[in-house]
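Report on the structure
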Amino acid sequence: MTGTIAQALADAPTYDCRQAFAEELAALAREDSRVVAVCNDSVGSSNLAAFRTEFPDRLVNVGIAEQNMVGVGAGLANAGLIPFVSGAGPFLTGRALEQIKADCAYSGHKVVLCGQSPGMAYGELGPTHHSVEDLSWLRAIADLTVVVPTDRAQTRAALRWAYQHPGPSYLRIPRFKVPDIIPEEAPFAPGRALPLREGTDVTIVAIGTMVSRALTAADGLAAEGISARVLNTPFVTSLDQESLLRAATETRGIVTVEEATLSGGLGAAVASLTGQRQPVPLRLLGVNGFAPTGSADYLLEHFGLTADGIRRAARDVLGLASSAS
């Protein structure tokens, strides 16, 4: 994806990826009778109402009991089914972390954990509902693949990949509306980044809701004479080391952008890789501390998770003075 795209992205329709999640899950269920859904009184927020209507005996609603929900999912997997365990990101990961570690990852069960409405999408519901620590918590668990899709096409690809994957996985399903960016035919596999724009001065590594903002930032930087490469790395636990180390060699700095805490997520993973293999100036953009209460747009602005914020970080990592946005 190259050229002037800021206006195109600004004018593009945006979508709630939970709908793509629900549609793809139903398609998988039609193809394979082993596919089941497990939720925590979240049929509505997980967009599973149509699934429940079509497959009434293949949806298990455990109520507001996240630890039990993950345990039930592991039991169903042990019985030969393929459970998609769906709930709001902060509660699925925070309340059931022990079960995710012991029942799913350590036991090697094929459970697809679907964290709905992650990041700061719940906005005014505040820090209890912000799911910004999930990448850090889950990235620390061995043998659990953590995936952050960008848009509808990548959400569908993530479900298809998780369905085929023999082990446990965690998918972040965006609620915050985003434009379509990723081509349907784009490759989707662990250890493979998706280059969205070429550049020689700075590399922007972005995931999830931040990808469209990274592309808009790169467009603005081009107008300033700064050539920005944009890499999408949806597999946070299986980085494309070759692409990232090449970026560290071929560009003068790297900016990582994630709607998650700075402690232990994408930025930390990139910093660990480059620090050990190819040191390069870095700027990590994300959530610092507890996110306050406010609209999702306000919170993203508050933490600089905007196109202008990414542009400022890119200038900074290159040692350039900030210009007017």
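This text goes with the structure placed above it.
These remarks concern the structure in this document. This structure is a prediction, so every number in the text was calculated from the model and none was measured.

1. Describing the overall build of the protein chain
Of regular secondary structure, the protein chain possesses 13 helices and 13 strands. Its C-alpha atoms give the protein chain a radius of gyration of 19 Å, within 12% of the compact-globule value 20 Å for 325 residues. The C-alpha extent of the protein chain, read off along each of the three principal axes, is 60 × 40 × 40 Å. Residue pairs in contact within the protein chain that sit at least 24 positions apart in sequence constitute 77% of those at least 6 positions apart. Surface summary for the protein chain: the accessible area is close to 12,600 Å², and the carbon and sulfur share equals 49%. For the protein chain, the distance from the average position of its 26 positive side-chain charges to the average position of its 33 negative side-chain charges is 2 Å.

2. Thoughts on the sheet that holds strand 4 (residues 82-88)
If you trace the 6 strands from one edge of the open sheet to the other, you get 3-2-4-5-7-6, paired in parallel fashion. One side of each edge strand has no neighbouring strand; the edge strands of this open sheet are strand 3 (59-61) and strand 6 (145-147). Each strand of the sheet is rotated relative to its neighbour by a mean of 20°, with strand direction disregarded. When strand 5 (residues 112-116) meets strand 7 (residues 169-173), the two strands line up parallel, connected through 5 bridges.

3. What to know about the sheet that holds strand 10 (residues 202-206)
Overall, mixed pairing links the 5 strands, which are arranged 9-11-10-12-13 in an open sheet. Both outer strands of the open sheet, strand 9 (194-197) and strand 13 (282-287), are each paired with one neighbouring strand and no more. Across this sheet, the average inter-strand angle for adjacent strands is 25°, counted without regard to direction. One ladder, built from 4 bridges, connects strand 10 with strand 12 (residues 254-261); its direction is parallel. Among the inter-strand pairings, Thr 203 is bridged to a residue of strand 12, identified as Ile 254.

How each quantity is defined
- The numbering scheme is per chain: residues are counted from 1 as the chain's sequence reads.
- Selection of residues for local features in this predicted model requires a pLDDT of at least 70, selection of side-chain atom pairs for listing and counting requires 80 or more, and totals for whole chains, interfaces and linings are taken over all residues.
- Water and hydrogen atoms play no part in the side-chain values, which are based on all heavy atoms of the structure.
- Think of it this way: any DSSP run of H or I at least four residues long counts as a helix, any run of E at least two long counts as a strand, and we number them from the N terminus.
- For this measure, only C-alpha atoms enter the radius of gyration; the expected value for a globule follows 2.2 Å times N^0.38, where N is the number of residues.
- Two residues qualify as a contact provided that any one of their heavy atoms is within 4.5 Å of a heavy atom in the partner residue.
- Calculation of accessible area relied on Shrake-Rupley with a 1.4 Å probe; when residues are assessed, cover is drawn exclusively from the protein chains displayed.
- For the purpose of charge, His is not counted, nor are the chain termini; Lys and Arg are scored as positive and Asp and Glu as negative.
- Charge coordinates come from a single atom per side chain, which is NZ of Lys, CZ of Arg, CG of Asp or CD of Glu.
- For two strands to pair, DSSP has to find at least two bridges joining them.
- Fitted lines through C-alpha atoms serve as axes, helices being fitted only where they are in contact, and the angles separating the N-to-C directions of these axes extend from 0 to 180 degrees.

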